[in-house]
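Descriptive analysis of the structure
One letter stands for each residue in the lines below.
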Amino acid sequence: FPSVTAEGNVRGGKVSEVVYMVDGLPMQDMIGGGAGSSLPKSAITEFSIQSGGFDAEYGNALSGVVNIITRRGSERHSLVVRAEKDDWIAGNVNRQNNHLTELELTLSGPIISERLHYFTANTVQRNDTRWWQDFEKFFSAPITTDYGGMGKLDYTVSPRIRLTAQEVYSIKKWRDYEFSWRFNLDGLPPRKRASFRTTATLSHTLSDIVHYSFSL
């Protein structure tokens, strides 16, 4: 996107100045900035970035707003498995990689036809980072391990009333790299972050032009 960096900076601002919204509710890392959890790619049905001119409802946003809408279960059962690696070619031929391996499992379908549906997507990512040639002198692989995912239940009470329960989680373990510490990387402490977000939402359509939602 224009004016957005790969690290998540928008219009030159800090990552903590960007608000991340998932299904209408914020999901922030209040200490380090950025998103509080990682979402599997298959869980996202809509993604947009506002880099200026956003409405007053985003009160904590200074440089940008990221809106993410997640998928819901359908009337058909579905199972999808995705695998991704950046080092399929032998290391002595291609050393320009991060030794990244990512596995993703997605399940969805009906529990009660036309009433209750489920959706879940889960990802495991193992990564040795771009500095793996320095890290391998001190630690065994992987340097970074990230477990993330979400689960959602949608219950249609009536054509105008819907209840939704959702859980988003992320558990990450990693080690930082500092060039000045490259000969003593085990002197830097290991890092760990765990994030869990549980939400419940009631959506009610009163008429063709009036509706409201209540989220907890």
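It should be noted that the structure appears before, not after, this text.
**Notes on the overall build of the chain**
Looking only at helices and strands, the chain features one helix and eleven strands. Reported as C-alpha extents along the three principal axes, the dimensions of the chain are approximately 65 × 40 × 30 Å. Sorting the 216 residues of the chain into buried and exposed places 34% on the buried side. Excluding contacts between residues fewer than 6 apart, the proportion of contacts in the chain whose partners are at least 24 apart in sequence is 55%.

**Some thoughts on the side chain of Asn-97**
Mapped onto the elements, Asn-97 comes out in the loop between strand 5 (78-85) and strand 6 (101-112). At 3.3 Å, the side chain of Asn-97 and the side chain of His-99 are in polar contact. Setting aside its immediate chain neighbours within four residues, Asn-97 contacts Asp-86, Asp-87, Thr-129 and Trp-132.

**Remarks on the packing of aromatic side chains**
One pass over the full model with this rule turns up four aromatic pairs. Here Trp-131 and Tyr-177 contribute two aromatic rings whose centre-to-centre distance is 4.8 Å and whose plane-to-plane angle is 5°, an arrangement assigned as stacked. Pair noted here: Trp-131 is in the loop between strand 7 (116-127) and helix 1 (132-135) and Tyr-177 is in the loop between strand 9 (161-175) and strand 10 (190-205), with a separation of 46 residues, a long-range link. Accessibility expressed as a relative area gives 15% for Tyr-177, which makes it buried.

**Looking at the sheet that holds strand 9**
What the seven strands build is an open sheet, ordered 5-6-7-8-9-10-11; its pairing is antiparallel. Pairing within the sheet leaves two strands with one partner each, and these edge strands are strand 5 and strand 11 (211-215). Across the sheet, the mean angle separating the axes of adjacent strands is 10° when strand polarity is ignored.

**Some words on a nonpolar patch on the surface**
Together, Leu-79, Val-81, Leu-105 and Leu-107 make up a nonpolar patch on the protein surface, roughly 360 Å² of accessible area in all. Taken together, the elements giving at least two residues each to the nonpolar patch come down to strand 5 and strand 6. Structurally, Leu-79 is set in strand 5.

Cut-offs and rules
Residues numbered from 1 in each chain as written. Predicted model: local features only at pLDDT ≥ 70, side-chain atom pairs only at ≥ 80, totals over all residues. Heavy atoms only, no water. Helix = DSSP H or I, 4+ residues; strand = E, 2+ residues; numbered from the N terminus. Buried < 20%, exposed > 50% of the residue type's maximum accessible area, 1.4 Å probe, protein only. Contact = heavy atoms within 4.5 Å. Polar contact = N/O pair within 3.5 Å; in protein donor to acceptor, adjacent residues only side chain to side chain. Phe/Tyr/Trp six-rings, centres within 6.5 Å; stacked < 30°, edge-to-face > 60°. Pairing = 2+ DSSP bridges. Axes fitted to C-alpha atoms, helices over the stretch in contact; angles between N-to-C directions. Patch = residues over 30% accessible without salt bridge, like charges linked within 9 Å, V, L, I, M, F, W, Y side chains within 5 Å. Areas by Shrake-Rupley, 256 points an atom, 1.4 Å probe, with all protein chains shown as cover. Salt bridge = Lys/Arg side-chain N within 4 Å of Asp/Glu carboxyl O.

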